Amino acid sequence: MKGLKKIVRIKNAYATIVFLFLFQTIHAQEKLSITLAQADSLFVGKNFNLLAASMNIEAQKAQIIQAKVYPNPTFSTDFNVYDPDNNKFLHVGKSGDKAFRIEQLIILGGKRKTEIEIAKTNANIAALEFQQLITQLKFQLHSNLFSIGQQQILLKRYNSQLSLLDTLLNAYQTQADKGNIPLKEVVRLKGAYLKLNNDRADLLKDYYASQAILQTLLQTKEVIDFQFSEDEIKKYIKAIPVEELISIAQNNLADLLLAQQNKILAQQNFEYQKKLAIPDVSFNLNYTQRGGAFYNQMNAGISIPLPLWDKNKGNIASSSYKIKEADYNFKSIQNKLFSDINNAYAMYQQNITEYKKAATLYNNDFEITIKGMADNFQKRNISMIEFIDFFEAYNEAQTELARIRKELVIAGEQLNLLTGKEIY
């Protein structure tokens, strides 16, 4: 019996040390109290991934400018290095020889216009990729904000209950040492303490995982303290039919719009490859001092490649297959979208049902009862088993309520993600 008492005391001391260490660690860090709107504003202004993606948009817009530019003319010159008849080096004067040539490429077949259109499509794709990134990261931001919001509530309650149990433990340990109560009651109370402390430790793992994600998204080292109300959770309950959500997704979802732009890009590339089979023409104007048939001779010329062997057939055939590939990809994304929205909507409806049911079951009676049970237990009006059973049931109810709230938010945010629009 003495050995058992020693083991229980060691476990209790260890749990208390861990609890105090984690508690001090949390409070030692600076906190950033933030609302949902403030988090969105900070996210858009500071997230490095978004800033990098915005630079890609500007880079693609610059390619439109470049595509509009006409090719530069080419200038070349020849001059005498050594004149063996007169034994002179660099004989380029009036009696020597030099030549100049300027050449301009004329692009035919509408290739330049198609290059401009391709550059514009690439700029549209970059903008849609930016939109896609924002939607995905906002899903992470909102989901993790409401997750830590519920975790904060649970941690506060766990801390309060651990403090209550610690007080009870000290009192019961004193009475057990005096022989006034059996040791098994102390052991049972310590078991409840260790279980709750273990639940708290598991919750802290999830809490810090969410903190890490949020600190990365918001580019801060401070601990995020999310400020929200129950009304902000209730706003996720909206009566919108699934058909309307699918319609919204078809017009707004970046994944689908990107697939459409890729189809356009594939078609443009096909047209461009066909136009590449059309030869371009080069015009030139040249002057030679003594190297031609006459002195100070001026000539004009034209050059054009003859498409005898390379007619770009391979690239044309390849680009035609790319059109079919882009079309199949579009249909695949579209079908997956319909399936994902239908399934996400079914889960969303289930979460609404759970939330509404929990709202009718949970009220202030829980808080009043747990306080009353604690007071009556201290007065020895109820048994250890009754107190522990209710204590554990209360904590399970709190955990379940937090889960239901979090899942409702995540379900709503999932539909925002799948439609590409902030509906909830």
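Fair warning: this is a prediction, and the values are worked out from it, not measured in the lab. (Residues numbered from 1 in each chain as written. Predicted model: local features only at pLDDT ≥ 70, side-chain atom pairs only at ≥ 80, totals over all residues. Heavy atoms only, no water.)

### A look at the overall build of the protein chain
Right, on to step 1. Helix and strand counts for the protein chain come out as eleven helices and eight strands.
Right, on to step 2. Computed over the C-alpha atoms, the radius of gyration of the protein chain is 38 Å, more than 25% above the 22 Å expected from 2.2 N^0.38 for a compact globule of 424 residues.
Right, on to step 3. Its C-alpha atoms give the protein chain principal-axis dimensions of roughly 130 × 60 × 35 Å.
Right, on to step 4. The 424 residues of the protein chain split such that 38% are buried.
Right, on to step 5. Partitioning the intrachain contacts of the protein chain with sequence separation of at least 6 by distance along the chain shows that 82% fall at a separation of at least 24.
Right, on to step 6. Within the structure as shown, the protein chain displays about 24100 Å² of accessible surface, and the carbon and sulfur contribution to it stands at 57%.
Right, on to step 7. Distance between charge centroids for the protein chain: 2 Å, based on 50 positive and 43 negative side chains. (Helix = DSSP H or I, 4+ residues; strand = E, 2+ residues; numbered from the N terminus. Rg over C-alpha atoms; globule rule 2.2 N^0.38 Å. Buried < 20%, exposed > 50% of the residue type's maximum accessible area, 1.4 Å probe, protein only. Contact = heavy atoms within 4.5 Å. Areas by Shrake-Rupley, 256 points an atom, 1.4 Å probe, with all protein chains shown as cover. Lys, Arg positive; Asp, Glu negative; His and termini not counted. Charge placed at Lys NZ, Arg CZ, Asp CG, Glu CD.)

### Topic: a nonpolar patch on the surface
Right, on to step 1. Judged by side-chain polarity, Phe79, Val81, Tyr82, Phe89, Leu90 and Val92 come together as a nonpolar surface patch covering roughly 620 Å² of accessible area.
Right, on to step 2. The residue Leu90 is located in the loop between β4 (88–89) and β5 (98–106) in this model. (Patch = residues over 30% accessible without salt bridge, like charges linked within 9 Å, V, L, I, M, F, W, Y side chains within 5 Å. Salt bridge = Lys/Arg side-chain N within 4 Å of Asp/Glu carboxyl O.)

### Looking at the packing of aromatic side chains
Two measures describe an aromatic ring pair: the distance that separates the ring centres and the angle between the ring planes.
Right, on to step 1. What the rule picks out here adds up to 13 aromatic pairs.
Right, on to step 2. Relative to Phe100, the ring of Phe75 lies with its centre 6.3 Å away and its plane at 20 degrees, an arrangement referred to as stacked. Within this pair, whereas Phe75 is found in strand β2 (residues 74–79), its partner Phe100 is found in strand β5, the two being separated by 25 residues in sequence.
Right, on to step 3. On the basis of relative accessibility, which here comes to 55%, the residue Phe75 falls in the exposed class.
Right, on to step 4. Residue classification places Phe100 among the partly exposed residues on the basis of a relative accessible area of 33%.
Right, on to step 5. Both rings, one in Tyr348 and one in Tyr424, keep their centres 5.0 Å apart while their planes meet at 55 degrees; by these two values the pair is tilted. (Phe/Tyr/Trp six-rings, centres within 6.5 Å; stacked < 30°, edge-to-face > 60°.)

### Some remarks on the packing of helix α4 (residues 111–177) against helix α8 (residues 254–276)
Right, on to step 1. Two elements in contact, α4 and α8, have axes whose closest approach is 9 Å; the angle formed by their N-to-C orientations is 165 degrees. One element, α4, and the other, α8, form an angle in the roughly antiparallel class. Helix-helix and strand crossings are classified by hand; for α4 and α8 the assignment is left-handed.
Right, on to step 2. Residues that form the contact of α4 with α8 fall into these classes: ten nonpolar, ten polar and six charged. (Axes fitted to C-alpha atoms, helices over the stretch in contact; angles between N-to-C directions. Parallel < 35°, antiparallel > 145°, perpendicular 65-115°, else oblique. Left-handed = near helix turned anticlockwise from the far one by under 90°. Nonpolar A, V, L, I, M, F, W, Y, C, P; charged D, E, K, R; others polar.)

### A few points about the pairing of strand β7 (residues 281–288)
Right, on to step 1. Counting buried positions along β7 gives six out of eight residues, so the element sits mostly inside the fold.
Right, on to step 2. The sheet contact formed by β5 and β7 spans eight bridges and is antiparallel. Bridge pairing in β7 links Ala99 to Thr288.
Right, on to step 3. When β7 meets strand β8 (residues 297–303), the two strands line up antiparallel, connected through seven bridges. Pairing of Ser282 across the sheet is with Ser303, part of β8. (Pairing = 2+ DSSP bridges.)

### Section: the sheet that holds β2
Right, on to step 1. Across the sheet, which stays open at both edges, the four strands sit in the order β2-β5-β7-β8 with antiparallel pairing between neighbours. Every other strand in the sheet has two partners, leaving β2 and β8 as the edge strands with one partner each. Neighbour-to-neighbour, the strand axes of the sheet open up by a mean angle of 15 degrees, direction not taken into account.

### What to know about the side chain of Thr114
Right, on to step 1. If you trace the backbone, Thr114 turns up in helix α4.
Right, on to step 2. The class of Thr114 is buried, set by a relative accessible area of 7%.

### Quick look at the environment of Gly292
Right, on to step 1. When you line up the elements, Gly292 lands in the loop between β7 and β8.
Right, on to step 2. Note on Gly292: relative accessible area 31%, which makes it partly exposed.
Right, on to step 3. Spatially, the C-alpha atoms of Gly292 and Ala239 are 87 Å apart, while their sequence positions differ by 53 residues.

### As for the packing of helix α2 (residues 36–46) against helix α3 (residues 48–68)
Right, on to step 1. Running from amino to carboxyl end, α2 crosses α3 at an angle of 50 degrees, the nearest separation of the two axes being 6 Å. For the element pair α2 / α3, the angle class is oblique. Note on element contacts: α3 touches α2 through Phe48, Leu50 and Leu51, opposite Phe43, Val44, Gly45 and Lys46.
Right, on to step 2. Here the residues of the contact of α2 with α3 sort into five nonpolar, one polar and one charged.

### Description of the pattern of salt bridges
Right, on to step 1. All told, the structure shown has 14 salt bridges when counted by the stated rule.
Right, on to step 2. Residue Arg405 pairs with Glu230 through a salt bridge whose shortest N-O separation is 3.4 Å. Highlighted residues: Arg405 in helix α11 (residues 384–419) and Glu230 in helix α6 (residues 230–234), separated in sequence by 175 residues.
Right, on to step 3. Salt bridges linked by common partners bring Lys263, Asp327 and Lys331 together as one network.

### Concerning the environment of Ser33
Right, on to step 1. Residue placement: Ser33 occurs in strand β1 (residues 31–34).
Right, on to step 2. According to the relative accessible area criterion, Ser33 is partly exposed, its value standing at 45%.
Right, on to step 3. Linking Ser33 and Pro182, residues 149 residues apart in sequence, is a C-alpha distance of 47 Å.
Right, on to step 4. When near neighbours in sequence (up to four residues on either side) are disregarded, Ser33 contacts Gln38, Asp225 and Gln227.
Right, on to step 5. At a separation of 3.1 Å, a polar atom in the side chain of Ser33 contacts the side chain of Asp225. (Polar contact = N/O pair within 3.5 Å; in protein donor to acceptor, adjacent residues only side chain to side chain.)

### Describing the confidence of the model for the protein chain
Low pLDDT marks stretches whose predicted atomic positions should not be read closely.
Right, on to step 1. Put simply, the protein chain has an average pLDDT of 89, and 93% of its residues get 70 or more.
Right, on to step 2. Of all the helices and strands in the protein chain, helix α1 (residues 2–28) carries the lowest mean pLDDT, 46, while α8 carries the highest, 97.
Right, on to step 3. The model gives residues 1–23 a pLDDT under 50, and that stretch makes 27 contacts with residues more than four places away or in other chains. (pLDDT = per-residue confidence, 0-100.)

### Some details on the nonpolar core
A general trend in soluble globular proteins is that nonpolar side chains are found buried together.
Right, on to step 1. Counting residues in each nonpolar core, the largest one holds 77 residues, and the members touching the most others are Leu189 and Phe387.
Right, on to step 2. When residues in this core are grouped by element, the largest group, 14 residues, is from α4.
Right, on to step 3. Beyond its immediate chain neighbours, meaning those up to four positions away, Leu189 contacts Leu165, Leu168, Leu169, Tyr172, Phe377, Met384, Phe387 and Ile388.
Right, on to step 4. Among the nonpolar cores identified, the runner-up in size contains five residues, and Ile64, Ile116, Ala119 and Ala123 belong to it. (Core = buried A, V, L, I, M, F, W, Y, C linked by side-chain atoms within 4.5 Å.)

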